[in-house]
Every structure is written in structure tokens, then in C-alpha cells.
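# Structural description and commentary
Residues per chain, in single letters:
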Amino acid sequence: REQTTTTTAAAPPLAEPPPPRGHLCNECVAVYRSGRVCATCHRSWSPEDVETKMIKCDGSSCRLWSHASCDGLDDEAYAACGDGSHPKFGLEFLCAAGCAFKVTSRLVAKLQAFDELKLFAEPVDTRVAPKYYDVVDQPMDLSTMEAKAKGSVYRSTQMVRDDVEIMCYNAVTFNRDGDRIWREACRYFDAATAFFDSLDALVPQNSRSAKLKRATVRTDNLDDDDLDDDDDQGGDPYAKSYGG
């Protein structure tokens, strides 16, 4: 009886290795714990590289840096981060490796608690307000903000605050001046503004310039105790406001 054999062609070699998954080797763990890996592209960097512009995450206990170019920061924007004038990252930058999700998800949860009438809970239903999207060209709601936080779209507290301002502006623009929804939008805006202002008071105003340094000083004076990447929020200024 004739036998047949099946051969399988070997898979072509990968042009680049896939991103690491699962457990890291000891050498990679050392690199990660030292902070010498970009939180956005996940590539390691050398302390001897003094030319590449990088920015350090402000998340609690985070030791990761990101290439400025990986986060879309050109030379002008990078300089603005250094002097505190950047409209999004002047006082805070949250990395994509988990800090953006952790911090901004807690922010949005707090904002949802302020929404006593569930006015901003979901996108406006056109069955209730047929002409809403004829008037409002940049709609925003808390469920959309929650999705953005979970997707690490927000990379700073200011980005969350910007969306809250858009959301409240839409409400007072579409609704009649002085009516119930208009008044509730104003109340919500005042509560959210007071909340964000209380967070700003906890962030050192001159902290950003210390986060933009050349690679040669990025790992100076760091020992193993400094590099523990636990989930303790003891140093997180936001933890006080969330009670956690």
C-alpha cells in the first residue's frame, strides 16, 4: 500500500522579533527595572545616548521614560514640556505602559460620581434632541471619556479636563439659558473645576523640567529600592482625592 507524506514549508524568518510576552529573562528584567525601556515603543535605550529626547512618566512609582518622538512631541513641543507651557503635558505626562489608564480611569470615575442626574452619562439621543448634532460639532459624554481612559488615549489630567470643558460647553450651548439642564451643567462644571484645581495644587509647579534630562543622568543615583515597581499609591498625589 502506497504511503504518502506531507511536508510543511518552513515559516520565513521574521523581519523583527515580536514584542516580548510572558516572563522576561533576567537581563531584560534588569533593563526594565532600571527604566531603560521606552514605555511607548517598548525598545530599550542606552544611558550613553545623549542625543535622543526622552520624557519621564509622572505616574506613582513609575520609572519608565518614553521617546518624545514616540508620543508625537516635536522639538517645540518637547521644549514646552520642559518649561511647563505645553497645553497638555506642561505639568504631567503619563506613560502608555499602564499609568495613563490607572490615573485617568480614576479621574473619570470621580467625574461620573459628580453626575447626579446622569445628564452626561451617555451620548445625547437624537430621539430626545433631534437637532443636537446640528448645533454641537464636538460631542462628548462620560461613557466616551471612560472608553478613552481605558484605551490610554488620555495621557495627562489636563486632557481629561479639556473633555469635561467641551462636554459642559455643549450643554450650555444647546440648552436654553437658565433652564434645568443648563443649571445642572453649570453646577457640574463648578464641581469638576474645583476637583481639578485641587489636583493642580498637589503637583509641584516646577517638576516638569526635572523630567527632561539627557540619558547620561537618567539612571544616576538609582538603587534597587528606588526601582521597585509595585502598585503602591503612597506617592500618588491623586490617591488622596480618590480615597484609595
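Figured I'd write up the structure that's included with this text. (Residues numbered from 1 in each chain as written. Predicted model: local features only at pLDDT ≥ 70, side-chain atom pairs only at ≥ 80, totals over all residues. Heavy atoms only, no water.)

### Overview of the overall build of the protein
Within the protein, the regular secondary structure consists of eight helices and two strands. Going residue by residue from the N terminus, the α and β elements of the protein occur as α-β-β-α-α-α-α-α-α-α. The buried share of the protein, reckoned over its 244 residues, is 36%. Restricting the contact set of the protein to residue pairs at least 6 apart, pairs at least 24 apart contribute 73%. Total accessible area on the protein stands at roughly 14,800 Å², and carbon and sulfur atoms take up 51% of it. (Helix = DSSP H or I, 4+ residues; strand = E, 2+ residues; numbered from the N terminus. Buried < 20%, exposed > 50% of the residue type's maximum accessible area, 1.4 Å probe, protein only. Contact = heavy atoms within 4.5 Å. Areas by Shrake-Rupley, 256 points an atom, 1.4 Å probe, with all protein chains shown as cover.)

### Some points on helix H7 (residues 180-200)
Compared with the 30 Å implied by 1.5 Å per residue over 21 residues, the 30 Å span of H7 between its first and last C-alpha is a close match. Taken as a whole, H7 has its buried residues at Glu184, Ala185, Tyr188, Ala192, Phe195, Phe196 and Leu199. Projected down its long axis, H7 carries its buried residues within an arc of 100 degrees, all on one side. Taking the backbone nitrogen of Ile181 as reference, a side-chain oxygen 3.3 Å away marks Asp179 as the first, capping residue of H7. (Expected span 1.5 Å × (residues − 1). Arc of directions from axis to C-beta. Polar contact = N/O pair within 3.5 Å; in protein donor to acceptor, adjacent residues only side chain to side chain.)

### Some remarks on the pattern of salt bridges
A complete count under the given rule lists ten salt bridges for this structure. Of the charged contacts in the structure, one is a salt bridge between Arg161 and Glu165, with a shortest N-O distance of 3.8 Å. With Arg161 and Glu165 both in helix H6 (residues 157-174), this residue pair falls four residues apart, about one helical turn. Residue class for Arg161 comes out buried when judged on its relative accessible area of 13%. Using a relative accessible area of 35% as the deciding quantity, one classes Glu165 as partly exposed. Taken together, the shared-partner salt bridges connect Glu116, Glu184 and Arg187 into one network. (Salt bridge = Lys/Arg side-chain N within 4 Å of Asp/Glu carboxyl O.)

### Some thoughts on the environment of Ala191
Mapped onto the fold, Ala191 is located in helix H7. Ala191 sits 76 residues away from Asp115 along the chain, and the two C-alpha atoms are 9.6 Å apart.

### A few points about the packing of aromatic side chains
Using the criterion set out here, one finds six aromatic pairs in the structure. Their ring planes at 75 degrees and their centres at 5.4 Å tell us that Phe89 and Phe93 sit as a pair that is edge-to-face. The two residues Phe89 and Phe93 agree in class, both being buried. When the ring of Phe195 is compared with that of Phe196, the centres are 5.6 Å apart and the planes differ by 50 degrees; the resulting orientation is tilted. Take Phe195 and Phe196: they sit in the same class, and that class is buried. Following the ring pairs from residue to residue traces out a cluster consisting of Phe114, Phe195 and Phe196. (Phe/Tyr/Trp six-rings, centres within 6.5 Å; stacked < 30°, edge-to-face > 60°.)

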